[in-house]
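Understanding the architecture of this molecule
Residue-level listing of the chains:
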Amino acid sequence: MTVIGSRDQGADVTSGGEGRGEVGGRGTGAATEDFLAHRNLLFTVAYEMLGSAADAEDVLQETWLRWAGVDLAEVRDRRAYLVRITTRQALTRLRTLGRRKESYVGSWLPEPLLTSPDVAEDLELADSVSMAMMLVMETLAPTERAVFVLREVFDVGYDEIAEAVGKSPTAVRQIAHRARAHVAARRPRGALSPQRTRHVLNAFRRAVETGDLQGLLDVLAPDVVLLGDGGGIKQAVLRPVVGADKVARLLHGGLRKVPAALTLRPALVNGGPALVLHLDGELDSVLAIRVDDGLVTGLYAVRNPEKLSHMEQEIPLRR
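About the thresholds
- Residues numbered from 1 in each chain as written.
- Predicted model: local features only at pLDDT ≥ 70, side-chain atom pairs only at ≥ 80, totals over all residues.
- Heavy atoms only, no water.
- Helix = DSSP H or I, 4+ residues; strand = E, 2+ residues; numbered from the N terminus.
- Buried < 20%, exposed > 50% of the residue type's maximum accessible area, 1.4 Å probe, protein only.
- Contact = heavy atoms within 4.5 Å.
- Areas by Shrake-Rupley, 256 points an atom, 1.4 Å probe, with all protein chains shown as cover.
- pLDDT = per-residue confidence, 0-100.
- Axes fitted to C-alpha atoms, helices over the stretch in contact; angles between N-to-C directions.
- Parallel < 35°, antiparallel > 145°, perpendicular 65-115°, else oblique.
- Nonpolar A, V, L, I, M, F, W, Y, C, P; charged D, E, K, R; others polar.
- Pairing = 2+ DSSP bridges.
- Expected span 1.5 Å × (residues − 1).
- Arc of directions from axis to C-beta.
- Left-handed = near helix turned anticlockwise from the far one by under 90°.
- Patch = residues over 30% accessible without salt bridge, like charges linked within 9 Å, V, L, I, M, F, W, Y side chains within 5 Å.
- Salt bridge = Lys/Arg side-chain N within 4 Å of Asp/Glu carboxyl O.
- Lys, Arg positive; Asp, Glu negative; His and termini not counted.
- Charge placed at Lys NZ, Arg CZ, Asp CG, Glu CD.
- Core = buried A, V, L, I, M, F, W, Y, C linked by side-chain atoms within 4.5 Å.

What to know about the overall build of the chain
Counting its regular elements, the chain contains 12 helices and 8 strands. Across the 319 residues of the chain, 50% fall into the buried class. Within the chain, residue pairs in contact and separated by at least 24 positions form 66% of the contacts whose partners lie at least 6 positions apart. If you sum the accessible surface of the chain, you get close to 15,100 Å²; carbon and sulfur atoms cover 49% of it.

With respect to the environment of L50
Along the chain, L50 falls in helix α1 (residues 29-50). For L50 and M134, which are 84 residues apart along the polypeptide, the C-alpha to C-alpha distance reads 9.0 Å. Among residues more than four places away in sequence, those in contact with L50 are D55, A56, V59, A90, R93, L94, L97, K101, W108, E138 and R145.

Concerning the confidence of the model for the chain
When the pLDDT values of the chain are averaged, the result is 88; 89% of them are 70 or greater. The element-level mean pLDDT for the chain is lowest in strand β1 (residues 22-23), coming to 38, with strand β4 (residues 241-242) highest at 98. Segment residues 1-27: pLDDT under 50, and 55 contacts once partners within four positions in sequence are set aside and those in other chains are kept.

Topic: the packing of helix α8 (residues 158-165) against helix α9 (residues 169-186)
Between α8 and α9, whose axes approach to 9 Å, the crossing angle comes to 95°. Taken together, the axes of α8 and α9 are roughly perpendicular relative to one another. Counted together, Y158, D159, I161, A162 and V165 of α8 and P169, V172, R173, A176 and R180 of α9 form the full contact between these two elements. Taken together, the residues of the contact of α8 with α9 break down into 7 nonpolar, no polar and 3 charged.

Some points on the sheet that holds strand β7 (residues 282-292)
If you trace the 6 strands from one edge of the open sheet to the other, you get β4-β3-β8-β7-β6-β5, paired in mixed fashion. The open sheet has two free edges, formed respectively by β4 and β5 (262-269), since each of these has just one partner strand. Judged from the 8 bridges that link them, β5 and strand β6 (residues 272-279) form a sheet pairing that is antiparallel. Paired with V269 across the strands is G272, a residue of β6. The strands that helix α10 (residues 194-210) touches are β3 (220-229), β5, β6, β7 and β8 (295-302); relative to β6, the one it contacts most, it runs at about 25°.

Describing α9
For α9, spanning 18 residues, the distance from its first C-alpha to its last is 26 Å, which sits close to the expected 26 Å at 1.5 Å a residue. Of all the positions in α9, only V172, I175, A176, A179 and V183 are classed as buried. In a view along the axis of α9, the buried residues occupy a sector of 105°, so they form one face of it. Pointing more than 90 degrees away from the buried face of α9 are the exposed residues T170, Q174, H177, A184 and A185.

Regarding the packing of helix α7 (residues 142-153) against α8
Contact geometry of α7 with α8 gives a least axis separation of 10 Å together with a crossing angle of 145°. Seen from above, α7 lies across α8 with right-handed handedness. Contacts from T143, A146, V147, L150 and R151 in α7 reach Y158, I161, A164 and V165 in α8. Here the contact of α7 with α8 is composed, by residue class, of 7 nonpolar, 1 polar and 1 charged.

Considerations on a negative patch on the surface
There is a patch of like negative charges on the surface, built from D77, D159, E160 and E163. By the secondary structure assignment, D159 is in helix α8.

Some thoughts on the nonpolar core
Of all hydrophobic cores here, the largest spans 56 residues; its most connected members are F43, M49, W67, V165 and L317. When residues of this core are assigned to their parent elements, the largest contribution, 10 residues, is made by α1. L216, L264, V291 and V296 belong to the second largest nonpolar core, which has 24 residues in total.

Focus: α8
If you check which residues of α8 are buried, you get Y158, I161, A162, A164 and V165. Taken down its axis, α8 places every buried residue within 165° of arc, on the same side. At the exit of α8 stands G166, carrying a positive phi of roughly 70°.

Regarding the pairing of β8
Regular strands place their side chains on alternate faces of the sheet. Among the 8 residues that make up β8, 7 are buried, leaving the element largely enclosed by the rest of the structure. Bridge analysis of β3 against β8 gives 6 bridges, and the strand direction is parallel. Note on β8: the bridge partner recorded for V225 is G298. Pairing geometry for β7 and β8, over 7 bridges, is antiparallel.

Below is the structure:
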């Protein structure tokens with residue numbers, strides 16, 4: 001069994017038969033069990049810090065390599081130690097990602113994840129991984145983001161966060177206060193109940209499928225924002241499109257020009273409502289949808305094929 005699922009499978013954790021849990025010939029049975037027990041939590045920490053499932057998987061690979069060499073007899077709290085390793089590796093990669101995003105073509109959006117209903121039921125977790133919230137966290141400096149994620153989402157103590165980010169507990173408290181205020185000023189408005197959200201999503205879907213321009217205008221908020229991410233590979237809007245009229249006409253006109261057979265499938269993406277678009281049976285894009293006060297306020301269209309590899313099966317996220 002491959003535990004990491006990384007793009008680079010240089011170090012796998014295996015199970016079954018003699019030599020279970022061995023890497024490079026070194027027995028790591030207890031380390032493997034601990035890693036497996038917390039893997040989904042560690043992936044969620046890394047993903048919330050990075051916005052990229054592929055990079056989060058690579059971070060878990062690096063975390064495993066370091067964890068496998070730890071003397072477990074010296075570790076008091078194994079969960080906290082694993083979170084610390086993951087946070088440090090994610091911080092290093094986050095700084096690299098920042099440089100990569102500077103040359104990105106068009107808007108950069110988080111990599112969408114197909115999530116299970118239990119993620120949507122955990123309102124705090126669903127909010128923290130939503131496209132809207134992930135974009136807010138993109139405006140934080142790397143250490144601020146790490147502190148915010150660990151404290152506000154996972155309720156990690158200040159002393160443990162200090163160990164993870166290499167700061168004093170006093171400094172971490174100050175960073176947390178600053179990050180919390182920054183996010184609060186930009187946090188999306190409160191979401192509707194799941195039932196009301198589904199109603200809005202269905203109305204939006206019908207309007208798109210039938211080419212009903214007025215139907216689109218009726219369901220879009222006056223200040224709705226559409227963001228597109230084609231990564232320079234697929235065509236997408238390069239700048240945010242703001243306003244119900246502009247967004248409705250863009251969707252209406254653009255979809256009418258599509259020569260292939262278009263299908264829209266509702267799905268839970270990053271804990272929230274979304275439509276998965278297929279052209280001639282092939283996955284083309286994911287449209288995550290933000291609903292506030294009974295209207296669509298945000299549309300996040302990911303077409304970059306390099307970001308759609310995690311739409312084939314549900315990804316377990318945990319706190």
